[in-house]
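Listed here are the chains, written in short residue letters.
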Amino acid sequence: MKKILTLLIGVAVLTACNKYIDIDEKGKVIPKTVNDYYQLLSDYNVMKVSSINVFYLNDEIKIYKDEVSRIFFGPDVFANGYLWKDYIYNNADDNDKDWNTYYAQIYICNMVIDKIDVATGNNEVLRKTAKGEALAQRAFAYFMLANLYAKHYNTASYITDLAVPLYLQPDINAKKARATVKEVYEQVEKDLLTALDLVPLKSTFSYHPSKAAVQGLLAKMYLFQGKYEQAKSYADLALQANSFLYDFKDYDFTPGLPKFLGLANFPTRAIDNKEIIWDKQNDLPFVYMIAVYMSDAHRALYDAGDRRLYFADVEGGPFGPNVHGNSLFGKDRIYKSGITTPDLLLIRAECNARLSKPDLAVDDLNTLRLKRFDANKYQAYPKNKTDLEALQLVLKERRLELMQDGWRWFDLKRLNLDPRFKQTLNRDWGGQAYTLKPEDNNYVLAIPKKVVELNNLMIQNPRDNKQ
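In short, a report on the structure. Remember, it's a predicted structure, so these values are computed and weren't measured experimentally. (Residues numbered from 1 in each chain as written. Predicted model: local features only at pLDDT ≥ 70, side-chain atom pairs only at ≥ 80, totals over all residues. Heavy atoms only, no water.)

Mapped onto the elements of the fold, His 208 is located in the loop between α8 (181–196) and α9 (211–225). Assessed through its relative accessible area of 6%, His 208 is described here as buried. (Helix = DSSP H or I, 4+ residues; strand = E, 2+ residues; numbered from the N terminus. Buried < 20%, exposed > 50% of the residue type's maximum accessible area, 1.4 Å probe, protein only.)

In structure tokens:
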């Protein structure tokens, strides 16, 4: 049976040019039992994958025109994203990995949701769990799709802002128009609230969503909607289940070995990482630490003794030193993008700052920072901050703590709705300047050209004519 299920998943995920959402359904083998359907949700290599496009776009990184050809992972694609061009994927035959990944996950989830109630078998606990996980995984996929391919949630325009097609049945051949941002968020919320009563309190493996994982995504969703009371409430609940933080003072590079080999005894597998509540990982865009650097603006944010900078800024790499300085290094050896305890602390802190509880916000920041600094360099943030001062500290800490976790691009989009925090991004590309202003269309990714060509109901996002 495992071989049959692997075939089904593989066929579902493979792409084909004649499908509107790029999933080849031909030759599938249909599962029948409750366990069969749960196995569909247990393919780690499918269900744990998250966005890669966000890494090209944000202001955490810096790459150089004279070195981009060294990048193993699609230098042309990387440069297109880095320069905020109209299309990251230029050709109609190119596959947008994010679009394909999330709709492949949605297809699997829809199969489970559609059939699990009538699947054979007597394990009612597993039937309930499978349905809850499928709803939660579908919600995560649509949440990410909406934030990649649509404008940020904005009550002034979300009724008309176009997001992505909502497929709620396992029918990938149907042509669908794009749903609105409002409709997609409503579906995400509905799925998560339903899943909350179905998923287990704890999961054996963190890529299976638990109750705390669903609560964490609800907290993030409500934060993105500006519903701070709800976001705080769900962050509190998730943190009651897991508030673990690693103390970075306890870890260091192995003496006498190259730093790119990683930290001694620090978990390099998501299954071992106690800060991860819901394991989602981005494919490695910075493969082998080649030709990708920390941006100057990001580096300037760190205070003395911050081990987050010490761990992320490494001399050399497995293929030797880069041309323009130290390499950007991921201490976890994975790129996390799911639900983690540091993110939840920061969500709660931001909500408290926005709800006129600055002292509580500072408390959460100090809880986090105490674990991130050299003992002789740590200085607690003082209290008696104004709401704005506390919020500014929270947003700074989000940048420092969540670097390379994939959320910065979405933070830029949501903060651009607030005149206090909007900013213009700039790139220098071999002497040529590229700029992305807060109101620019290219903050929203293009719908893949292939999808637009195959589905005449699909409206392309406006572009800025950046070639």
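Let's shift gears to the layout of surface pockets. In this structure, the largest pocket spans a volume of roughly 480 Å³. Forming the walls of the largest pocket are 23 residues, and the residues nearest its centre are Lys 151, His 152, Asp 161, Asp 440 and Val 444. Here the residues of the lining of the largest pocket are counted per class, giving eight nonpolar, eight polar and seven charged. (1 Å grid on protein atoms, 1.4 Å probe; cavity = no way out; pocket = protein on both sides within 12 Å on 5 of 7 lines; lining within 4 Å. Points joined across faces, edges and corners; volume = space filled by probe spheres on them. Nonpolar A, V, L, I, M, F, W, Y, C, P; charged D, E, K, R; others polar.)

Tyr 142 and Trp 409 are the most contacted members of the largest nonpolar core, which has 133 residues in total. With 15 residues, the top contributor of residues to this core is helix α7 (residues 124–149). Once residues within four sequence positions are removed from consideration, Tyr 142 is found in contact with Tyr 103, Ile 106, Val 164, Pro 165, Leu 166, Tyr 167, Leu 168, Val 184 and Val 188. Membership of the second largest hydrophobic core comes to eleven residues, among which are Tyr 251, Met 289, Phe 311 and Phe 329. (Core = buried A, V, L, I, M, F, W, Y, C linked by side-chain atoms within 4.5 Å. Contact = heavy atoms within 4.5 Å.)

In this model, α9 (15 residues) spans 21 Å end to end at C-alpha, consistent with the 21 Å of a helix rising 1.5 Å per residue. When you tally the buried positions in α9, you get 14 out of 15 residues, the bulk of the element. In the segment just after α9, Gly 226 is the residue with positive phi, at about 75°. (Expected span 1.5 Å × (residues − 1).)

Glancing now at the sheet that holds strand β4 (residues 281–282). Taken together, the three strands give an open sheet; going across it, the order is β1-β4-β8, and neighbouring strands pair in mixed fashion. Looking along the sheet, the strands with just one partner apiece sit at the ends: β1 (49–50) and β8 (335–336). Across two bridges, β4 lies against β8 in antiparallel orientation. Bridging from a neighbouring strand, Asn 282 pairs with Tyr 335 of β8. (Pairing = 2+ DSSP bridges.)

When their charged atoms lie close together, side chains carrying opposite charge are able to pair. Taken as a whole and judged by the stated rule, the model has 37 salt bridges. Note that Arg 408 and Asp 59 form a salt bridge whose closest N and O atoms lie 2.8 Å from each other. Taken as a pair, Arg 408 in helix α16 (residues 408–415) and Asp 59 in the loop between α4 (53–57) and β2 (61–62) lie far apart in primary sequence, 349 residues in all. Given a relative accessible area of 6%, Arg 408 falls into the buried group. Taking the relative accessible area as the measure of exposure, Asp 59 reaches 11% and is therefore buried. (Salt bridge = Lys/Arg side-chain N within 4 Å of Asp/Glu carboxyl O.)

The next thing to look at is the packing of aromatic side chains. How two aromatic rings sit relative to each other is given by the distance of their centres and the angle of their planes. Overall, the coordinates contain 34 aromatic pairs when judged by the stated rule. A centroid spacing of 5.4 Å and a plane angle of 75° characterise the contact between Phe 55 and Phe 286, whose relative ring orientation is edge-to-face. In this pair, Phe 55 is assigned in helix α4 and Phe 286 in the loop between β4 and β5 (293–294), connecting sequence segments 231 residues apart. With a centroid separation of 6.3 Å and 50° between ring planes, the pair formed by Phe 253 and Phe 329 is classed as tilted. (Phe/Tyr/Trp six-rings, centres within 6.5 Å; stacked < 30°, edge-to-face > 60°.)

On the secondary structure map, Lys 357 appears in the loop between α13 (341–354) and α14 (358–369). The sequence separation of Lys 357 and Pro 267 amounts to 90 residues, and the corresponding C-alpha distance is 35 Å.

What follows concerns the packing of α7 against α8. α8 packs onto α7 with a crossing angle of 155° between their chain directions and a minimal axis gap of 8 Å. Considering their axes alone, α7 and α8 lie roughly antiparallel with respect to each other. Classified by chirality, the crossing of α8 by α7 is left-handed. On α8, the residues touching Gly 132, Leu 135, Ala 136, Arg 138, Ala 139, Tyr 142, Phe 143, Ala 146 and Asn 147 of α7 are Val 184, Tyr 185, Gln 187, Val 188, Asp 191, Leu 192, Thr 194 and Ala 195. Within the contact of α7 with α8, the residues separate by chemical class into eleven nonpolar, four polar and two charged. (Axes fitted to C-alpha atoms, helices over the stretch in contact; angles between N-to-C directions. Parallel < 35°, antiparallel > 145°, perpendicular 65-115°, else oblique. Left-handed = near helix turned anticlockwise from the far one by under 90°.)

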